[in-house]
Amino acid sequence: MLKVLHFYKTYYPDTFGGIEQVIYQLSESGAEYDVESTVLSLSKRGDIDNQKIGKQRVFYAKTNFEIASTPFSLSCIKKFKELAKQADIIHYHYPFPFMDMLHFLCRINKPTIVSYHSDIVKQKFFSRLYSPLMNHFLKSVDCIVAASPNYVKTSIVLQKFESKVKVIPYGLNEKSYPSISNEKLKFWQDRFDGGFFLFIGAFRYYKGLHTLLEAAHTTSLPVVIVGGGGIESDIKAKAEELNLTNVHFVGSLPDEDKAALLKLCTAIVFPSHLRSEAFGITLLEGAMYGKPLISCEIGTGTSFINLDGYSGFVIPPNDPVRLRQVMQELYSNPELAKRYGSNAYARFKDVFTSEKMLTDYSAVYRELYTVDKKNHS
């Protein structure tokens with residue numbers, strides 16, 4: 001059994017983002033591939049050791065302070081050192097500058113893999129300060145994995161390390177999604193009868209929600225928005241200003257409700273307009289439920305999941321007029337919506353299952369482990 005230590009700045013139950021979901025999928029199903037997973041993250045809840053989440057062991061180090069959205073922890077130094085000793089492979093999840101520091105502080109000499117989830121986009125000043133450490137770190141690891149070829153092509157950082165970059169797309173497990181009760185389905189059907197466009201996500205600055213609201217303005221197209229946080233007050237103020245009676249904010253919802261909305265919607269609308277959106281798990285979920293997809297061309301994984309004219313529409317960012325046109329086209333043409341939805345599901349089955357992701361990652365683990373053993377024999 002190969003022992004893998006995953007390290008990222010945050011994890012369940014403190015946060016529930018796309019990176020956490022990827023770590024969870026890799027850790028939970030790893031046993032089927034003879035991989036035993038341990039996760040280390042930082043937490044404001046304090047130092048907690050050896051928690052069980054499903055089949056994985058999870059350790060938390062107390063967050064002492066944060067700089068530019070990066071948590072730091074003193075107790076993590078000792079904890080990481082000890083857990084790294086027990087592991088065969090260290091699997092880092094980037095970006096997390098404190099992690100890069102610990103890699104050198106703890107003098108890690110095990111096989112190392114980095115899942116490169118995103119460039120640092122927003123923290124420009126911090127990014128310049130961090131750049132020498134980042135380059136040193138990425139140069140020292142054995143393998144860097146990106147989730148799409150699109151991202152590799154458009155990331156200045158990844159271009160520098162192209163010789164050690166592999167592409168393994170994120171994958172989802174259909175069976176891990178809740179079955180939907182008839183009552184739940186009926187509840188949402190009664191509320192939004194006749195189809196609707198669905199957005200799911202945190203209300204972050206790069207999600208393009210202003211564009212979606214402007215696109216919905218002057219139409220009667222129903223839009224259901226799941227999520228909150230971030231710039232929520234701005235978005236709701238904008239909806240009020242535009243007097244949007246066709247846009248429905250339903251807040252953050254339990255998984256079964258989200259699954260019901262995914263099953264019932266006409267299409268997924270995903271108007272993220274900045275590179276901070278590195279992949280787009282919601283697009284993947286839409287494809288898994290056989291829905292047509294609408295996304296923007298931002299040079300990232302969104303245009304790897306959604307192929308223009310095949311699984312949906314890929315449109316220019318920040319273009320409410322074009323967004324409105326494609327929404328109207330899908331709403332008024334059920335045959336087209338059905339065809340794009342079927343294509344999206346076929347592509348999901350072909351490229352984006354958790355099984356494929358796990359097979360590809362476990363192959364990389366074994367390759368690194370074998371090379372390491374040869375070098376030390």
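The shown structure was predicted, so the numbers you read here are calculated from the model rather than taken from an experiment.

Criteria and thresholds
- Residues numbered from 1 in each chain as written.
- Predicted model: local features only at pLDDT ≥ 70, side-chain atom pairs only at ≥ 80, totals over all residues.
- Heavy atoms only, no water.
- Helix = DSSP H or I, 4+ residues; strand = E, 2+ residues; numbered from the N terminus.
- Contact = heavy atoms within 4.5 Å.
- Axes fitted to C-alpha atoms, helices over the stretch in contact; angles between N-to-C directions.
- Parallel < 35°, antiparallel > 145°, perpendicular 65-115°, else oblique.
- Left-handed = near helix turned anticlockwise from the far one by under 90°.
- Nonpolar A, V, L, I, M, F, W, Y, C, P; charged D, E, K, R; others polar.
- Pairing = 2+ DSSP bridges.
- Salt bridge = Lys/Arg side-chain N within 4 Å of Asp/Glu carboxyl O.
- Buried < 20%, exposed > 50% of the residue type's maximum accessible area, 1.4 Å probe, protein only.
- Patch = residues over 30% accessible without salt bridge, like charges linked within 9 Å, V, L, I, M, F, W, Y side chains within 5 Å.
- Areas by Shrake-Rupley, 256 points an atom, 1.4 Å probe, with all protein chains shown as cover.
- Core = buried A, V, L, I, M, F, W, Y, C linked by side-chain atoms within 4.5 Å.

A.B. asks: What is the right way to look at the environment of Gly251 in this model?
C.D. replies: Topologically, Gly251 is positioned in strand β13 (residues 247-251). Excluding anything up to four places from it in sequence, Gly251 contacts Ile225, Val226 and Gly227.

A.B. asks: Is there a simple way to think about the packing of helix α8 (residues 209-216) against helix α9 (residues 232-241) in this case?
C.D. replies: How two helices pack is summed up by the angle between their axes together with the distance between the axes. Viewed as axis vectors pointing N to C, α8 and α9 meet at an angle of 15°, and their least axial separation amounts to 10 Å. Comparing the axis directions of α8 and α9 gives the class roughly parallel. Between α8 and α9 lies a crossing of right-handed hand. Where α8 approaches α9, its residues Leu209, His210, Leu213 and Glu214 are matched on the opposing element by Ile235, Lys238 and Ala239. Tallied by class, the residues present in the contact of α8 with α9 amount to 4 nonpolar, 1 polar and 2 charged.

A.B. asks: What is the right way to look at the sheet that holds strand β3 (residues 48-53) in this model?
C.D. replies: Either a parallel or an antiparallel arrangement is found when strands of a sheet pair, and the pairing is made through backbone hydrogen bonds. Judged by pairing direction, the sheet is mixed, and its 8 strands sit side by side in the order β3-β4-β2-β1-β7-β8-β9-β10 without closing on themselves. For this open sheet the edge positions go to β3 and β10 (165-167), each flanked by a neighbour on one side alone. On average, adjacent strands in this sheet sit at an angle of 25° to one another, irrespective of strand direction. Strands in contact with helix α1 (residues 18-29) are β1 (2-7), β2 (35-43), β3, β4 (56-62) and β7 (89-94); relative to β2, the strand with the most contacts, it is inclined by about 150°. Contacting β1, β2, β3, β4 and β7, helix α2 (residues 75-86) crosses the sheet at an angle of about 155° to β4.

A.B. asks: Please explain the pattern of salt bridges as it appears in this structure.
C.D. replies: Between side chains of opposite charge, pairing is possible as soon as their charged atoms come close. Here the structure, examined in full by the defined rule, presents 15 salt bridges. Its salt-bridge partner being Lys207, residue Glu277 comes within 2.7 Å of it at the nearest N-O pair. Taken together, the positions of Glu277 in the loop between β14 (267-270) and α11 (281-288) and Lys207 in the loop between β11 (197-200) and α8 put the pair 70 residues apart, joining distant regions of the chain. According to the relative accessible area criterion, Glu277 is buried, its value standing at 7%.

A.B. asks: Would you mind showing me how to read the packing of helix α7 (residues 182-191) against helix α10 (residues 255-264) here?
C.D. replies: At a closest axis distance of 9 Å, the pairing of α7 and α10 adopts a crossing angle of 60°. Relative to α10, the element α7 lies oblique. Note that α7 runs across α10; the crossing there is right-handed. Contact with α7, carried on its side by Lys184, Leu185, Trp188 and Gln189, involves Glu256, Asp257, Ala260, Leu261, Lys263 and Leu264 of α10 and no other residues of that element. Broken down by class, the residue content of the contact of α7 with α10 amounts to 5 nonpolar, 1 polar and 4 charged.

A.B. asks: Sorry, what's going on with the sheet that holds β13 here?
C.D. replies: Strand order in the open sheet formed by 6 strands is β13-β12-β11-β14-β15-β16, with parallel pairing between adjacent strands. Here the strands that pair on one side only, and so sit at the sheet edges, are β13 and β16 (312-315). For this sheet, the mean inter-axis angle between neighbouring strands, taken without regard to orientation, is 20°. In this structure, β11 lies alongside strand β12 (residues 223-226), joined through 4 bridges in parallel fashion. Bridge pairing in β12 places Leu198 opposite Val224. Running at roughly 160° to β12, α8 makes contact with β11, β12, β13 and β14 of the sheet.

A.B. asks: It is not clear to me how a nonpolar patch on the surface should be interpreted in this structure. Could you clarify?
C.D. replies: Together, Leu74, Ile77, Met101 and Leu105 line one region of the surface with nonpolar side chains, adding up to about 360 Å² of accessible area. Here Leu105 shows up in helix α3 (residues 97-105).

A.B. asks: Help me out: how do you make sense of the pairing of β14 in this one?
C.D. replies: Remember that side chains alternate between the two faces of the sheet whenever the strand is regular. Residue alternation in β14 divides its side chains into two sets, Ala267 and Val269 and Ile268 and Phe270, and both sets are buried. Alignment of β14 against strand β15 (residues 293-296), held across 3 bridges, turns out to be parallel. Looking at β15, one finds that Val269 is bridged to Ile294.

A.B. asks: What exactly am I supposed to notice about the environment of Tyr24 here?
C.D. replies: With respect to the element layout, Tyr24 can be found in helix α1. On the basis of relative accessible area, Tyr24 is assigned to the partly exposed category, the value being 27%. As for Tyr24 and Ser37, which are separated by 13 residues in sequence, their C-alpha atoms are 9.5 Å apart. If we ignore the near neighbours within four places in the chain, the residues touching Tyr24 are Tyr11, Tyr12, Ile53 and Gln56.

A.B. asks: What is the right way to read unusual backbone geometry from this model?
C.D. replies: Trans peptide bonds make up the majority, and among non-glycine residues the majority have a negative phi. With omega at -5°, the peptide bond leading from Tyr12 into Pro13 counts as cis. By the element assignment, Pro13 lies in the loop between β1 and α1. For the bond from Tyr94 to Pro95, the omega torsion is 15°, close enough to zero to count as cis. In this fold, Pro95 is placed in the loop between β7 and α3. Residue Asn50 is not a glycine yet carries a positive backbone phi of 55°. On the secondary structure map, Asn50 appears in strand β3. Asn50 gets classed as partly exposed once you look at its relative accessible area, which sits at 42%.

A.B. asks: I'm lost on the nonpolar core in this one. Help?
C.D. replies: Proteins that are soluble and globular tend to have nonpolar side chains buried together. With 50 residues, the main nonpolar core has Ile113, Leu198 and Leu261 as its most contacted residues. The element contributing the most residues to this core is helix α15 (residues 354-375), with 6 residues. Counting 37 residues, the second-largest nonpolar core is a separate cluster that includes Cys76, Phe98, Phe137 and Val165.

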